[in-house]
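# Topology and contacts: notes
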Amino acid sequence: MRARVFPDYNAMSAAAADVVARRSNEEPSAVFMLPTGITPLGIYRRLVEMHRSEGLSFANANFFNLDEYLGLAPDHRASYHVYMKEHFYELINADPARVFVPDGTAIDPEAECERYEAAIREAGGIDVCVLGIGRNGHIGFNEPGAPFDSRTRVVELSESTRKVNASDFEADRAPERAITAGMATIFDSKSVLLLASGTNKAGAVAAAVEDDVSESMPASMLRSHPNAVLFLDEAAASDLGHGVAG
Ligand code: GLP
């Protein structure tokens, strides 16, 4: 897995946005899988800017979200539906028919997961998967221990993840479960971009890059991916040993 280290968050976000923009220009109907969280806000800001000032179009692009909390209605302010609309989809010319976010209120969540996998297959698979990383190495909502061969499914969130995300919820109680694209769903993407910023991610980044490839460190799976790149700012790269090119 290659790593690119940028001097700061803005430089990292601009470079990652360029990868998405280039792909979109080359292949207008490209299929993207996108994350939520604080880390990708800079990419979304930059892509919105490129859409407004440079005419970058997403009219034919397909978007899949990595995950959604189980039990949250699409209009809940902490839902990933709302996050994606507010930060990206409603600020560009995305076609709502080509935007997919798991339905956290599906009556049959297992069927919803199957529907999601089928929609990805129908779209021709993911071209570019953009990921953040949790402090415990989770990707999407695949917590430590997630099987590398897992597909989109319902998962239990770890206490530590619920604690980190608690402030988005009333009484600081984050949902206990989520729907997430699986490890194999992510791995099947033609290319993967994992972003990490800040010293609170440095430990997870170092473990993912330098420790054994193991299901206990989900992001380590990407080491055997043919086309996965880490985009880091200097703070997130600060626990890495030598041998990581800038
Ligand atoms: C959540 C999301 C992940 C994201 C992670 C890190 O748990 N499900 O997809 O990567 O948070 O978020 P942040 O970028 O805010 O640190």
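Our structure is the block above this text.
Notes on the structure follow. Note that the structure is a prediction, hence the values are computed from the model and not measured.

### Examining the overall build of the protein chain
For the protein chain, the count of helices and strands is 7 helices and 10 strands. The globule rule puts the C-alpha radius of gyration for 246 residues at 18 Å, and the 17 Å found for the protein chain is close to it. The C-alpha extent of the protein chain, read off along each of the three principal axes, is 50 × 45 × 35 Å. The burial tally for the protein chain puts 55% of its 246 residues in the buried class. A separation threshold of at least 6 residues defines the contact pool for the protein chain, and within that pool the share at least 24 residues apart is 80%. Only carbon and sulfur atoms are counted for the fraction: they give 48% of the accessible area of the protein chain, which is about 10,900 Å². When the 22 basic and 36 acidic side-chain charges of the protein chain are each reduced to a single mean position, those positions are 3 Å apart.

### Remarks on the packing of aromatic side chains
Following the criterion strictly, the structure yields 15 aromatic pairs and no others. An angle of 50 degrees between the planes, with centres 5.9 Å apart, marks the rings of Phe58 and Phe63 as tilted. Owing to a relative accessible area of 1%, Phe63 belongs among the buried residues under this scheme. Between Phe64 and Phe100, the ring centres sit 4.4 Å apart and the planes meet at 5 degrees, which makes this aromatic pair stacked. Placement of the pair is Phe64 in strand β3 (residues 62–65) and Phe100 in strand β5 (residues 99–100), with a sequence separation of 36 residues.

### Here we look at the site of the ligand
Taken together, Gly37, Ile38, Thr39, Asp67, Tyr80, Gly132, Ile133, His138, Gly140, Phe141, Asn165 and Lys201 make up the full set of residues adjacent to the ligand. The side chain of Thr39 places a nitrogen or oxygen atom 2.4 Å from an oxygen atom of the ligand. Protein burial of the ligand: of its 400 Å² of free accessible surface, 88% is covered by the chains. For the shell around the ligand, the class distribution of residues is 4 nonpolar, 6 polar and 2 charged.

### Overview of the sheet that holds β3
Sheet architecture is open: 7 strands sit in the order β1-β10-β9-β6-β2-β3-β5, paired in parallel fashion. Single-partner strands in this sheet number two, and they are β1 (2–6) and β5. Of the strand pairs in this sheet, strand β9 (residues 191–196) and strand β10 (residues 228–233) are connected by 5 bridges, and their pairing is parallel. Looking at β10, one finds that Leu195 is bridged to Phe231. Running at roughly 140 degrees to β3, helix α3 (residues 80–89) makes contact with β2 (31–34), β3 and β5 of the sheet. Helix-sheet contacts for helix α4 (residues 109–122) involve β2, β3 and β5, and the interaxial angle to β3 is about 150 degrees.

About the thresholds
- Every residue gets a number counted from 1 within its own chain, in the order that chain's sequence is written.
- Totals for whole chains, interfaces and linings use all residues, but because this is a predicted model, local features are given only for residues with pLDDT of at least 70 and pairs of side-chain atoms are given and counted only at 80 or more.
- Side-chain measures here rest on the full set of heavy atoms in the structure, leaving out hydrogens and waters.
- Every helix listed is a DSSP run of H or I at least four residues long, and every strand listed is a run of E at least two residues long, numbered separately from the N terminus.
- For a compact globule the rule gives 2.2 Å times the number of residues to the power 0.38, and the radius of gyration it is set against comes from C-alpha atoms.
- The classification of residues rests on relative accessible area computed with a 1.4 Å probe and restricted to protein chains. Under 20% of the type maximum is buried, over 50% is exposed, and intermediate values are partly exposed.
- In this analysis, two residues are considered to be in contact whenever any of their non-hydrogen atoms come within 4.5 Å of each other.
- For the area figures, the Shrake-Rupley method with a 1.4 Å probe applies, and any residue is considered shielded solely by the protein chains shown.
- Only four residue types enter the charge count: Lys and Arg as positive, Asp and Glu as negative, with His and the chain ends excluded.
- To locate a charge, take NZ of a lysine, CZ of an arginine, CG of an aspartate or CD of a glutamate.
- Geometry of aromatic contacts follows a simple scheme: Phe, Tyr and Trp rings, the Trp one being its six-membered ring, pair when their centres are within 6.5 Å, and the pair is stacked under 30 degrees between planes, edge-to-face over 60, tilted otherwise.
- If even one non-hydrogen atom of a residue comes within 4 Å of a molecule or strand, that residue is called near it.
- Whenever a nitrogen or oxygen atom comes within 3.5 Å of another N or O atom, the pair is scored as a polar contact, on the condition that within protein one atom can donate a hydrogen and the other can accept it, and that pairs from neighbouring residues in sequence are kept only if both atoms are in side chains.
- Polarity classes work like this: nonpolar for Ala, Val, Leu, Ile, Met, Phe, Trp, Tyr, Cys and Pro, charged for Asp, Glu, Lys and Arg, and polar for all others, with Gly in that last group.
- Any two strands between which DSSP finds at least two bridges are classified as paired.
- The axes used here are C-alpha line fits, helices contributing only the stretch in contact, and every angle between their N-to-C directions lies in the interval 0 to 180 degrees.

Read these as spatial facts, not as claims about activity.
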